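# Survey of secondary and tertiary structure
So the chains spell out like this:
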Amino acid sequence: MSALEQPSPAAAEPVLRVEDLRVAFDTREGLVQAVAGVSFAVAPGRTLGIVGESGSGKTVAATTAMGLSRGPRVRISGRVLLDGEELLAASPERLRALRGAQIAMVFQDPLSALHPLLRIGDQIGEAVRAHRSDASRAAARARAVELLEWVAIPDAARRVDAYPHELSGGMRQRAMIAMAIANEPRVLIADEPTTALDVTVQRQILALLRRLRDDLGMAMVFITHDLGVVAETADEVAVMYAGRIVEQAPAHELFAAPRHPYTWGLLRSMPRLEAPAGAALVPIPGRPPSLIDPPSGCRFHPRCPYVRERHREVEPALEPVAGALGHRVACLLSEAERRALWARLAAGATPEQARAAVGQAAPAAAPPAAEPPA
Amino acid sequence: MSGAVGGAPLAEVERLVKRFPLTRGVVFRRRIGEVAAVDDVTLAVHAGESLGIVGETGSGKSTLARILLNLLEPTSGVVRWRGEDVTHARGAALLKLRRARQLVFQDPAGSLNPRKTVGAAIADPFAIHGLLPERAARGRRVGELLEQVGLDAALANRYPHELSGGMRQRVGIARAIALGPELLVADEPVSALDVSIQAQILMLLRDLRGELGLTLVLIAHDLAVVRHMCDRVAVMREGRLVEVAPVAELYAAPREDYTRELLAAVPRIPGPAPSGPAPATPQSSSSSST
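Residues numbered from 1 in each chain as written. Chains lettered and ligands numbered in written order. Predicted model: local features only at pLDDT ≥ 70, side-chain atom pairs only at ≥ 80, totals over all residues.

To continue, consider the overall build of chain B. When its secondary structure is counted, chain B shows nine helices and 10 strands. The C-alpha atoms of chain B give 20 Å as radius of gyration, which agrees with the globular expectation for 290 residues (19 Å, within 12%). Projected onto its principal axes, the C-alpha positions of chain B cover 55 × 55 × 50 Å. Buried residues in chain B amount to 47% of all 290 residues. (Helix = DSSP H or I, 4+ residues; strand = E, 2+ residues; numbered from the N terminus. Rg over C-alpha atoms; globule rule 2.2 N^0.38 Å. Buried ≥ 20, exposed ≤ 12 C-beta atoms within 10 Å, placed from the backbone.)

This part covers the overall build of chain A. From N to C terminus, chain A includes 14 helices and 12 strands. Counting only C-alpha atoms, chain A reaches 70 × 50 × 45 Å along its principal axes.

Residue and element names in this part refer to chain B. Taking burial as the measure, the five residues of strand S7 (residues 183-187) include five buried ones, the bulk of the element. Relative to S7, strand S6 (residues 101-104) runs parallel, the two being bridged by four bridges. By the bridge assignment, arginine 101 is partnered in S7 with leucine 183. Pairing analysis gives five bridges linking S7 to strand S8 (residues 215-220), with the strands arranged parallel. Its bridge partner being in S8, leucine 184 is matched across the sheet by leucine 216. Once you follow S7 into helix H6 (residues 195-212) and on to S8, the crossover reads as right-handed. (Pairing = 2+ DSSP bridges. Right-handed = clockwise from strand over helix to strand, strands pointing away.)

Here we take up the interface of chain A and chain B. Taken together, the contacts link 48 residues of chain A with 53 residues of chain B. Residue assignment for the side of chain A that touches chain B shows that the elements contributing at least two residues are helix H9 (199-216), helix H10 (227-233), helix H11 (251-256), helix H12 (261-269) and helix H13 (335-346) of chain A. Split by residue class, the side of chain A that touches chain B holds 27 nonpolar, 11 polar and 10 charged. (Contact = placed C-beta atoms within 7 Å. Nonpolar A, V, L, I, M, F, W, Y, C, P; charged D, E, K, R; others polar.)

Grouped burial of nonpolar side chains is what soluble globular proteins tend to show. Counting 109 residues, the largest nonpolar core has A:Ala178 and A:Leu188 as the members making the most contacts within it. Two domains each provide a minimum of three residues to this core, namely domain 1 (12-240) and domain 2 (259-370) of chain A. Core analysis: the next-biggest nonpolar cluster, separate from the first, contains 85 residues, B:Ala178, B:Ile201, B:Leu208 and B:Val217 among them. (Core = buried A, V, L, I, M, F, W, Y, C linked by C-beta atoms within 7 Å. Domains from an automatic or database assignment.)

Turning our attention to unusual backbone geometry. Residues and elements named next belong to chain B. Not every positive phi belongs to a glycine, and arginine 15 is a case in point at roughly 45°. Turning to its location among the elements, arginine 15 is positioned in strand S1 (residues 11-24). A positive phi angle is found at glutamate 238, which is not glycine, with a value near 45°. Mapped onto the elements of the fold, glutamate 238 is located in the loop between strand S9 (232-237) and strand S10 (240-246). You can call glutamate 238 partly exposed: it has 15 C-beta atoms within 10 Å.

Bringing the domain arrangement of chain A into the picture now. Residue and element names in this part refer to chain A. What the domain assignment reports for chain A is domain 1 (12-240) and domain 2 (259-370). Each of domain 1 and domain 2 has a C-alpha centre, and these two points are 32 Å apart. Counting residues at the interface gives 11 residues for domain 1 and 10 residues for domain 2. Considering each element in turn, the side of domain 1 that touches domain 2 owes the most residues, five residues, to strand S2 (residues 30-42).

As a further point, take the sheet that holds strand S3 (residues 50-54) of chain B. Residues and elements named next belong to chain B. Spatially, the six strands line up as an open sheet ordered S6-S7-S8-S3-S9-S10, and their pairing is mixed. Two strands lie at the open edges of the sheet, namely S6 and S10, each paired on one side alone. Each adjacent strand pair in this sheet contributes to an overall mean axis angle of 15°, direction not counted. One ladder, built from six bridges, connects S9 with S10; its direction is antiparallel. Along S10, the bridge assignment pairs arginine 237 with arginine 240. (Axes fitted to C-alpha atoms, helices over the stretch in contact; angles between N-to-C directions.)

For the rest of this paragraph, the subject is H13(A). In an α-helix, one turn spans 3.6 residues, which is why side chains three or four residues apart end up on the same side. Residues and elements named next belong to chain A. For H13, with 12 residues, the first-to-last C-alpha span of 16 Å sits near the 16 Å given by 1.5 Å per residue. Turning to H13, its buried residues number three or more, namely Arg338, Leu341, Trp342, Leu345 and Ala346. Burial along H13 is one-sided: seen end-on, the buried residues are contained in an arc of 125°. Where H13 is buried, its residues meet H12 and helix H14 (351-357). Two residues or fewer after H13 comes glycine 348, characterised by a positive phi angle close to 110°. (Expected span 1.5 Å × (residues − 1). Arc of directions from axis to C-beta.)

Here we take up the sheet that holds S1(B). All names here are of chain B. In spatial order, the strands read S2-S1-S4-S5; together these four strands make up an open sheet with antiparallel pairing. Edge strands, defined here as strands with exactly one partner in the open sheet, are strand S2 (30-45) and strand S5 (84-85). Pairing geometry for S1 and strand S4 (residues 76-81), over five bridges, is antiparallel. Its bridge partner being in S4, valine 13 is matched across the sheet by valine 79. In this fold helix H1 (residues 61-68) packs onto S1, S2 and S4, with an angle of close to 120° to the strand it touches most, S1.

Turning to the pairing of S1(B), a few remarks are in order. All names here are of chain B. Pairing of S1 with S2 involves 12 bridges; the strand directions are antiparallel. Bridging from a neighbouring strand, leucine 22 pairs with glycine 33 of S2. In sequence, S1 turns back onto S2 through a hairpin of five residues, with glycine 25 there showing a positive phi of about 90°.

Further remarks concern helix H6 (residues 137-150) of chain A. Residues and elements named next belong to chain A. Relative to the 20 Å expected for 14 residues at 1.5 Å per residue, H6 spans 20 Å between its end C-alpha atoms, a close match to the ideal helical length. Here H6 has its buried residues at Ala140, Arg143, Ala144, Leu147 and Leu148. Buried residues along H6 cover an arc of 140° about the axis, so they all sit on one side. Where the residues of H6 are buried, they touch helix H5 (120-131), helix H7 (156-159) and helix H8 (169-180). Note on H6: the residue one or two positions beyond its end, alanine 152, has a positive phi of about 65°.

Moving on: the environment of B:Gly58. Residue and element names in this part refer to chain B. Mapped onto the elements, glycine 58 comes out in the loop between S3 and H1. Overall, the presence of 16 C-beta atoms within 10 Å leaves glycine 58 in the partly exposed class. Taking C-alpha positions, glycine 58 is 18 Å from aspartate 107, a pair spaced 49 residues apart along the chain.

All names here are of chain B. At a minimum axis distance of 10 Å, the contact between helix H5 (residues 165-177) and H6 shows a crossing angle of 20°. It follows that H5 is roughly parallel to H6 by the angle criterion. Considering how the two elements wind past one another, H5 and H6 form a crossing that is right-handed. In this structure, H5 contributes Gly165, Gly166, Gln169, Arg170, Ile173 and Ile177 to the contact, and H6 contributes Ile197, Gln200, Ile201, Leu204, Leu205, Leu208 and Leu212. (Parallel < 35°, antiparallel > 145°, perpendicular 65-115°, else oblique. Left-handed = near helix turned anticlockwise from the far one by under 90°.)

Low pLDDT means the predicted coordinates in that region are not meant to be read closely. Averaged over every residue, the pLDDT of chain A is 90; the share at 70 or more is 93%. Note on residues 365-374 of chain A: pLDDT is under 50 here. Beyond four places in sequence and across chains, it has 25 contacts. (pLDDT = per-residue confidence, 0-100.)

In structure tokens:
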């Protein structure tokens, strides 16, 4: 909720607001709490990056906002507001009318999102006609060519008759983006849209998405596991862990002064081109927790090098960081401790060295590395 | 580890070419041409070094690795091992080569038999090579190997589906080092894993390389990974070798446009670049279970 009390610096009214979203799946093994109280808002022309590993809830949060995770075994609560209209309670008919027209999605794998036996022009034309029943076939086809040109597919007039398998991975992703923007939606959700692509192609697709966002004034939610990709795309970043947002900040602020130990762990474990040759990576020990029986207290505590006894019981709320506008963190360490720890880590200290330098005692119980196997 | 050693390289390919037929049609397959997956590549791997082979989809990097390990026959060219032509090795000679050179796959799930316990999978190489015939000794060795890759020895009785992706990749590595190979070829060993697990597996490979004196060939699409893991790097594109250079040199002053383009395309993480302690410290990470 407090996201809404702290508008981003470019203070346009958000077009998409998600408030205290909770999504749980009833499975044979138990209730999986995939999203456990997530709030965010995105304004037109802005991009929110949601970063997390598999199982962090980033994709479920987005697909639920699209109304794509409804089902008999799914429990959803909270609010999703598109231009003030509540989507979680919307009828299936209303959702169908909004999806594609007002809010659209781009997926990781265009091959499974495109119909293999239909020409891409027909698929894009169908997306156009779904929301403009008055459009003739010829008009829809002309619009498809225009859209393919817009996403910079060369020779669009010819490619409009191609089948998905006749296009390269990058071209297929462009075709899917063309379909998603066919009706100039107000919100575009991109779920790992470049993960399956080569880096040189990824670079082109990221540039394309930025351009379309600016041209159309779309609000974009960009879901990724890659901090480098999010840095190149997002104005604001939310880091998710085990179904919650653990840290949220303007992108430059998140990278300059991260506050959460999980964010620190990600930053130190990611290979970098500018690192000294042969520099060691510092992995986060253990692995993401089960969402059926998530850890008590802070959900990151079993893997956190700075854990204290209290952190195993008290659940941290996502709270504003003093003196850092728009920066919020869910961590039980004090702001002074966090600053001191990050200063050491950024200078190259190991988590153990940083902990010792800041005068924090060793973890109360077993070190986080010793996690029992499966 | 500089690779600038006298004598024959450990492994070597010379003027290597691998062409695959291009076909069209499903029922009436016809050959419409050929594609050169590897096109006139000459490359040496020196004992003790860590060589990265980097390229995008279709660059031929995986095909090259498979030929280097005699898992695929080249169309032409020579594969050498310790200076000896092994391009067409068969039978006992090939079995001996397999022992010395092992592959770590990208997808640990796909490379483990789902019906075999982890212990049986790791013991397989011993059975194939007729080593450690005594059951108890084999079991002990499997336990040691599991612990060496940071897993609990008790995992030997589990099945692959009971393990996480990171644990399965550790099992794949345990199997690859079981026979004490000299050369380990890792083909995109972390691209199927979560970010926080990738670093664990990379540092495990690095530690094992130091502990076992392994020569490592790392096939990767990610230039940043290679920077942390390798002494030298070879850049491939469309079957050809674009550039080979020591890591520090290639990243600071790439000679080829394509290398520059690849480097420029890698998304940068802003902010202070926190770099871990530079020397590879043994056991620094292999103890954590994924």
